[in-house]
Amino acid sequence: RHALGGKPLDVVWNLTLAANIISANVPYGALDAIEAVPGVARVYLEQSYQPEENQPILPNTHSSSAMIGATESWESGLTGAGTRVAIIDTGTDTDHQSFDNSAFLHALEQSGQEVDLLDVGDINEVLRQLNVTERIGYDGGASYYLNEKLPFGANYVDRDLNVTHDYDNQSAHGSHVAGIAASNRFIPQKGTYVDALESISVSGIAPDAQIITMKVFGNAAGPYESDYFAAIEDAIWLGCDSVNLSLGAGNPGNSHNTMFAELLDFMATTD
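Residues numbered from 1 in each chain as written. Predicted model: local features only at pLDDT ≥ 70, side-chain atom pairs only at ≥ 80, totals over all residues. Heavy atoms only, no water.

Focus on the pattern of salt bridges
Counting across every chain of the model gives three salt bridges. One salt bridge in this structure joins Asp-168 and Lys-215, with 3.0 Å as the shortest N-O distance. In this pair, Asp-168 is assigned in the loop between strand 4 (152-155) and helix 7 (173-182) and Lys-215 in strand 7 (residues 210-215), connecting sequence segments 47 residues apart. Relative accessible area serves as the criterion here: at 16%, Asp-168 is assigned to the buried category. Between Arg-185 and Asp-208 there is a salt bridge, with its nearest N and O atoms 3.0 Å apart. (Salt bridge = Lys/Arg side-chain N within 4 Å of Asp/Glu carboxyl O. Helix = DSSP H or I, 4+ residues; strand = E, 2+ residues; numbered from the N terminus. Buried < 20%, exposed > 50% of the residue type's maximum accessible area, 1.4 Å probe, protein only.)

In structure tokens:
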């Protein structure tokens, strides 16, 4: 408080997994005084991000899946079943046919695989470690759980559970990315299920993976670096096998600091 003239620190995130980081809203002129506080190693200005303007999205993964060898992986039984993919983006269209939960369960049944799916019990086990629960609360893991295909969803900028594209104008890019990664290999049709590639030319590279939705673009606009870093830490606690960030722009400008990039590089090379 001494560095802020007696005012309490307006903390946004208190990150502890990758590093000891406090993200806070402070007066610009107080940076030097904060850095002089005992125990503070470095002080940085965070960079914020904005989504690209809405563009028509016409995904077609039929040819690309074959080009990268995904079809051969599927034939050998590697469909992503039992894995978890975190999509840190604009959210997920939770009622889209490509993310239909019954079609997802049908695929697992067809493959005959018994897999470990993230469920409410798993979320409850790490609930106290998750950054997002400290910021937005809610009672238990069931608050964040939608179904087996979409077992976890949270909005890291609006600090609520609205993870679809229905409440803001931040685009459907998150669903586009989630679809490339893990849209189902079956879709529901007239009381049965049909092959997604044959019927709509779209199936994810890991179609039987679970999708963890971490929305970082919302009514509060785009994220600061600590917002998406809080989501990355939570993805680790939730046991995600892959974390996707499609954050950037054609002309992003100069970065204020490289701290978060350095931490990402460190995490990528550390078991």
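Remarks on the environment of Asp-116
Within the secondary structure, Asp-116 is located in the loop between helix 4 (101-111) and helix 5 (120-126). Through-space distance from the C-alpha of Asp-116 to that of Gly-82 is 5.3 Å; in sequence the pair is 34 residues apart. Beyond its immediate sequence surroundings of up to four residues, Asp-116 is in contact with Gly-82, Arg-84 and Asp-122. (Contact = heavy atoms within 4.5 Å.)

Here's the deal with the pairing of strand 6 (residues 192-195)
Of the strand pairs in this sheet, strand 5 (residues 186-189) and strand 6 are connected by four bridges, and their pairing is antiparallel. Paired with Phe-186 across the two strands is Asp-195, which belongs to strand 6. Between the antiparallel neighbours strand 5 and strand 6 lie two residues, among them Lys-190 with a positive phi of about 50 degrees. (Pairing = 2+ DSSP bridges.)

Read these as geometric descriptors, not functional statements.
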